[in-house]
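# Overview (structure and organization)
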Amino acid sequence: MKKGSVLLKCAALIFGDGSVRTRQNLYTEDGRIAAIVDTDSDDGSRQADEVIDCSRYFVTCGIVNLHAHTAMNIFKGIAEDVKPDQWFNDMIFPYESKMTPQDVYIGTKLGIAEMINNGVTAVADHYFMEEEVLRAVKDTGIRADLAPTVFGASPDYRDRLAQVRAFITEHEKDSELVEFHMGPHADYTCPPQAMGDIVDAAKAMDLPLHLHLAEEEAQVKIALEKYGVTPFGYMERFGAFDLPVLAAHGLWIREDDLKYIKDDTMFAFCPKTYMKLGSGRGGFFDLYDKLNYSFGTDGAASSNTVNPVEQARLFALLGKFLDDDGRTHPTEDMWKHLMNGHRAFRFGTGYLREGAPADLVIWDLNMPDTMAYYHPVTAILYSSTSANVRCTMVAGEILKRDGKLVMDTEELLREASEAQQALIARGKGKANVGYLR
Ligand SMILES: [Zn+2]
């Protein structure tokens with residue numbers, strides 16, 4: 001189906017390296033950027049179904065959320081002021097054990113609504129009940145890379161792996177907006193036989209991996225005790241790094257882990273979760289310059305928001321604070337890494353150039369929270385809120401227009417409230433998995 005064409009007229013474009021080009025006419029057509037021409041030299045011969053005057057606005061590529069459990073927006077604020085083991089074992093796993101498909105659908109839709117509101121055009125999601133996640137993705141129009149979670153420690157992991165393989169095979173050609181990673185939960189929840197099987201399945205299906213690695217110091221200690229290697233060394237045993245790996249966290253990576261990872265090992269750093277759960281100053285804060293990384297939000301049960309710009313902001317602030325040096329983590333670097341998230345996908349997004357998918361954000365910085373600004377990237381990184389996101393576009397489709405979500409949020413919020421009440425009424429169940437148990 002042909003999509004409508006849009007002209008973003010007289011926009012200031014901010015590129016992935018933070019450079020700015022003013023007075024540009026950007027045309028989209030059939031979901032892609034059809035042309036970018038200087039406003040002054042545009043002869044007006046190109047037509048568009050819709051013209052948006054961007055003479056007061058900035059346009060960037062969409063923001064990527066590189067690690068999320070989007071459905072967990074339904075748990076936002078449910079597990080506060082706890083340590084990681086309490087968070088998992090006493091709160092999240094017991095509540096998740098009683099989650100219904102409708103909870104996953106509504107929670108995912110809710111998380112996507114928050115993301116679109118914040119200019120997110122693509123999310124790397126890691127969750128179970130993937131049919132519901134996929135349904136929410138399709139119903140909202142966001143771009144998504146799904147990793148259906150596999151817990152290798154579960155006795156029926158072989159059945160689960162077969163189910164995930166069938167699901168991906170069934171849906172891999174569904175939409176140009178959806179692609180897949182193989183999603184073992186983590187090194188510490190997948191014993192050797194299971195992890196070997198999962199990595200082999202990924203190789204057989206030509207899928208990259210998305211998993212949690214070295215998020216807490218305790219996970220590294222346990223891997224060393226059990227297997228004599230770090231989580232990265234453990235994954236190396238299965239040839240995992242022969243595949244592109246999307247490694248969530250890596251907070252406790254060590255210098256000697258660098259020998260295992262490859263150029264296409266991408267880290268999704270989620271500092272708000274580490275701050276919230278008190279995860280400590282891991283090696284990532286010393287090694288980040290040697291790593292290929294971007295930002296994720298993790299689930300809203302630990303981060304309370306799903307805005308990657310906020311995560312980049314917190315990383316810069318934490319880094320400067322821990323380094324005792326305000327010169328580190330410069331703004332343009334943070335922006336480059338934020339935009340670098342697109343490279344973890346096969347979508348070809350993340351470029352402001354002709355032919356690239358039209359996944360775009362229009363920023364209005366003429367607002368009290370961002371005025372006066374001297375450089376737009378500084379304003380976005382350090383001052384912006386969702387209110388500054390005037391428009392979010394995925395593959396040429398406008399999902400947030402004139403500062404308002406296009407989807408019916410009233411109905412969504414009512415459904416979310418009902419799901420939340422039912423969830424509390426059902427209470428906690430018996431978890432099938434345990435954290436470091
Ligand atoms: Zn996670």
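Quick caveat: nothing in here was measured; it's all calculated off a predicted structure.

Cut-off values and rules
Residues numbered from 1 in each chain as written. Predicted model: local features only at pLDDT ≥ 70, side-chain atom pairs only at ≥ 80, totals over all residues. Helix = DSSP H or I, 4+ residues; strand = E, 2+ residues; numbered from the N terminus. Rg over C-alpha atoms; globule rule 2.2 N^0.38 Å. Buried ≥ 20, exposed ≤ 12 C-beta atoms within 10 Å, placed from the backbone. Contact = placed C-beta atoms within 7 Å. Pairing = 2+ DSSP bridges. Axes fitted to C-alpha atoms, helices over the stretch in contact; angles between N-to-C directions. Expected span 1.5 Å × (residues − 1). Arc of directions from axis to C-beta. Parallel < 35°, antiparallel > 145°, perpendicular 65-115°, else oblique. Left-handed = near helix turned anticlockwise from the far one by under 90°. Nonpolar A, V, L, I, M, F, W, Y, C, P; charged D, E, K, R; others polar.

A separate point is the overall build of the protein. Helix and strand counts for the protein come out as 14 helices and 18 strands. A compact globule built from 437 residues would reach a C-alpha radius of gyration of about 22 Å, and the protein, at 21 Å, matches this within 12%. Over its C-alpha atoms, taken along the principal directions, the protein stretches across nearly 65 × 45 × 40 Å. The buried share among the 437 residues of the protein stands at 52%. Counted over contacts in the protein with a minimum sequence separation of 6, partners at least 24 positions apart contribute 74%.

What links the strands of a sheet is backbone hydrogen bonding, and the strands pair in either a parallel or an antiparallel sense. Reading across the sheet, the four strands line up as 11-12-13-14 and stay open at both edges, with parallel pairing between neighbours. Two strands bound the open sheet, and with one partner strand each, they are strand 11 (209–213) and strand 14 (292–295). Across this sheet, the average inter-strand angle for adjacent strands is 30°, counted without regard to direction. Summarising the sheet, strand 11 and strand 12 (residues 245–249) pair through five bridges and their orientation is parallel. The residue bridging L213 from the neighbouring strand is H249, located in strand 12.

The subject of this paragraph is helix 4 (residues 157–171). Compared with an ideal rise of 1.5 Å per residue, which puts 15 residues at 21 Å, helix 4 spans 21 Å between its outermost C-alpha atoms and is within 8% of the ideal. Within the span of helix 4, buried status applies to Y157, L161, V164 and I168. Burial along helix 4 is one-sided: seen end-on, the buried residues are contained in an arc of 60°. For helix 4, the exposed residues lying more than 90 degrees away from the buried face are D159, A162, A166, T169 and E170.

Counting buried positions over the five residues of strand 12 gives five, a clear majority of the element. Note: strand 12 against strand 13 (residues 265–269), four bridges, orientation parallel. In the strand pairing of strand 13, V245 is matched with T265.

With that settled, the discussion passes to the packing of helix 11 (residues 308–323) against helix 12 (residues 331–340). Two elements in contact, helix 11 and helix 12, have axes separated by 10 Å at closest approach and are oriented at 140°. Comparing their axes, helix 12 and helix 11 come out oblique. Read as a crossing pair, helix 11 and helix 12 show a hand that is right-handed. Note on element contacts: helix 12 touches helix 11 through M334, H337 and L338, opposite P308, V309, A312 and A316. Looking at side-chain class alone, the contact of helix 11 with helix 12 contains six nonpolar, one polar and no charged residues.

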